[in-house]
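# Observations on the three-dimensional arrangement
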Amino acid sequence: MSTFGIEEEFFLLDPDTGLPAAPGEKAREALMSLRAGESSSQHELLDCQIEMATPVCSSAQQALDSVHGFRQGLARTASGHDLLAVSLGTAPLIGASAAGIAPTERYREIHRYLPGISSEQYVSGLHVHVSIQDSESGVHALNGIRRWLPALAALGANSPFWRGQDSGFASWRSIHYRQWSVQGIPPYFTDADDYFKRLAQILGSDVVLDAGHIGWAARLSNHYPTIEIRISDAQLQADESVTLALIIRALVETIIREPAPQDGIHPEMLDLAFWQAAKHGLEGNQLHPETGDRVPSDQLVGVLLGHIRDALDENDDFEFVKAATDRLLIYGNGARRQRESMALGGIDRVINDAASALTA
């Protein structure tokens, strides 16, 4: 059984206006001191964001307790400082002025380097780390997971709104990220040596500040013996984050047991599939990750669960994941539920429902 960890990014909003809000000194100190078990908080790029990292997890229940516990503490702490915390892939409303940058030197350096992007980087994601034995197995997993990344993007789409309007995409965060110098689905690598040589070439360019600036949707971690999957939007509810983490763990485990994958579906088709997943979420057709054919989203979910069934069973995760994906297909992912909130009560309803979902 592989271990895994979850990183979640959250927005802090003004409860009266719904606009992103930077915490004051006392609020920031309280937020940065947040702990839930071994989960901890840290800064994200924008001053109106906070990031959470779980401990290394082995089971669904451990991950759920960590994520849910932190969210409860975040909601209480934010409310105590007249802030509203939400887990959305984009901030639904944005002010006219440039975004405030978090008070860390690295984030300020990023802002000095690309202010036109960072000033509007109102996006939050879900990052999942899965343990690997070594770099070779990690690159093997990277090569194999490329074709599945659009399916994960569709499942985790939760960012339809931008500047108070429907963007026309289930995951506007995915589209917004295409502005960065290195982003999207990673290329195919021959082996670990190839991966690190190409990484060194990228870092030797004039447009990438450091390894953390490489925004591929999947990459090897710079700090831990893990593969990091960064494709999904921040999720409305804790159980949705955990569901995606369990699917990703099972997918990595399944791929590592398989023969070394070939290049497979052409990179331009994978890029198109990613765009298509960002456009439709679970509401339209997707690209079949093995055949390249067009398939309905519910069929794609079935193909994914069938592919990873053995790993899910071995980890005792199948019932949890099957029940959760059934709910997603019936009630919709975050993008669909945000749009339903919008139809019922406008952008205020979207924000209030997201705040309620944070601790659901």
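Criteria and thresholds
- Residues numbered from 1 in each chain as written.
- Predicted model: local features only at pLDDT ≥ 70, side-chain atom pairs only at ≥ 80, totals over all residues.
- Heavy atoms only, no water.
- Salt bridge = Lys/Arg side-chain N within 4 Å of Asp/Glu carboxyl O.
- Helix = DSSP H or I, 4+ residues; strand = E, 2+ residues; numbered from the N terminus.
- Buried < 20%, exposed > 50% of the residue type's maximum accessible area, 1.4 Å probe, protein only.
- 1 Å grid on protein atoms, 1.4 Å probe; cavity = no way out; pocket = protein on both sides within 12 Å on 5 of 7 lines; lining within 4 Å.
- Points joined across faces, edges and corners; volume = space filled by probe spheres on them.
- Nonpolar A, V, L, I, M, F, W, Y, C, P; charged D, E, K, R; others polar.
- Contact = heavy atoms within 4.5 Å.
- Core = buried A, V, L, I, M, F, W, Y, C linked by side-chain atoms within 4.5 Å.
- Phe/Tyr/Trp six-rings, centres within 6.5 Å; stacked < 30°, edge-to-face > 60°.
- Lys NZ or Arg CZ within 6 Å of the ring centre and 35° of its normal.

## Description of the pattern of salt bridges
Pairs can form between side chains of opposite charge whenever their charged atoms are close. Scanning all chains against the criterion turns up 19 salt bridges. Between Glu 120 and Arg 163 there is a salt bridge, with the nearest N and O atoms lying 2.3 Å from each other. With Glu 120 in the loop between α4 (115-118) and β6 (125-131) and Arg 163 in the loop between β7 (161-162) and β8 (165-166), this residue pair connects regions lying 43 residues apart in the sequence. According to the relative accessible area criterion, Glu 120 is partly exposed, its value standing at 30%. When the shortest N-O distance is used, the salt bridge between Asp 313 and Arg 309 registers 2.9 Å. A residue pair is termed a helical-turn pair when its members lie 3 or 4 positions apart in one helix, as Asp 313 and Arg 309 do in helix α12 (residues 309-314) at 4 residues. On the basis of relative accessibility, which here comes to 39%, the residue Asp 313 falls in the partly exposed class. A network of salt bridges, in which partner residues are shared, links Arg 219, Glu 228 and Arg 230.

## A look at the layout of surface pockets
Reported here for the largest pocket is a volume of approximately 960 Å³. Around the largest pocket, the lining is made up of 39 residues, and of these Glu 7, Glu 51, His 127, Arg 219 and Glu 228 lie nearest the centre. At the level of secondary structure, the elements contributing two or more residues to the lining of the largest pocket comprise β1 (4-13), β4 (49-53), α3 (105-113), β6 and β12 (226-233). Among the elements that take part in the lining of the largest pocket, β1 stands out by supplying 5 residues, more than any other. Class assignment for the residues of the lining of the largest pocket results in 15 nonpolar, 16 polar and 8 charged.

## Let's talk about helix α5 (residues 135-145)
Of all 11 residues making up α5, 9 are buried, and the element is well covered by its neighbours. Buried within α5 are the following residues: Ser 137, Gly 138, Val 139, His 140, Ala 141, Leu 142, Asn 143, Gly 144 and Ile 145. Looking at the buried side of α5, the elements it contacts are α6 (149-155), α8 (192-203), β11 (218-220), β12 and α9 (238-257).

## Digging into the nonpolar core
Residues Leu 74, Ile 145, Leu 149, Ile 227 and Ile 229 are the most contacted members of the largest nonpolar core, which totals 79 residues. Per-element tally for this core: the top contributor is α9, with 11 residues. Aside from chain neighbours lying at most four places away, what touches Leu 149 is Ile 185, Pro 186, Ala 217, Ala 218, Ile 229 and Ile 231. Listed in part, the 33 residues of the second largest apolar core include Cys 48, Ile 101, Tyr 107 and Tyr 122.

## Overview of unusual backbone geometry
Although it is not a glycine, Asp 82 adopts a positive phi angle of roughly 55 degrees. Within the fold, Asp 82 resides in the loop between α2 (60-80) and β5 (84-86). The phi dihedral of Arg 163 falls on the positive side, at around 55 degrees, and the residue is not glycine.

## A word on the packing of aromatic side chains
Tallied over the entire structure, the rule returns 8 aromatic pairs. Taken together, a centroid distance of 5.1 Å and an interplanar angle of 85 degrees make the contact between Phe 169 and Trp 275 edge-to-face. Here Phe 169, found in the loop between β8 and α7 (172-176), pairs with Trp 275, found in helix α10 (residues 267-280); they are 106 residues apart in sequence, far enough to count as distant. In this structure Trp 275 comes out as partly exposed when scored by relative accessible area, which is 36%. For the ring pair Tyr 177 and Trp 180, a centre distance of 6.2 Å and an interplane angle of 50 degrees mean the geometry is tilted. Accessibility expressed as a relative area gives 21% for Tyr 177, which makes it partly exposed. By relative accessible area, which is 12% here, Trp 180 ends up buried. When the ring centre of Phe 169 is taken as origin, the NZ or CZ atom of Lys 279, which lies over that ring, is 5.2 Å away.

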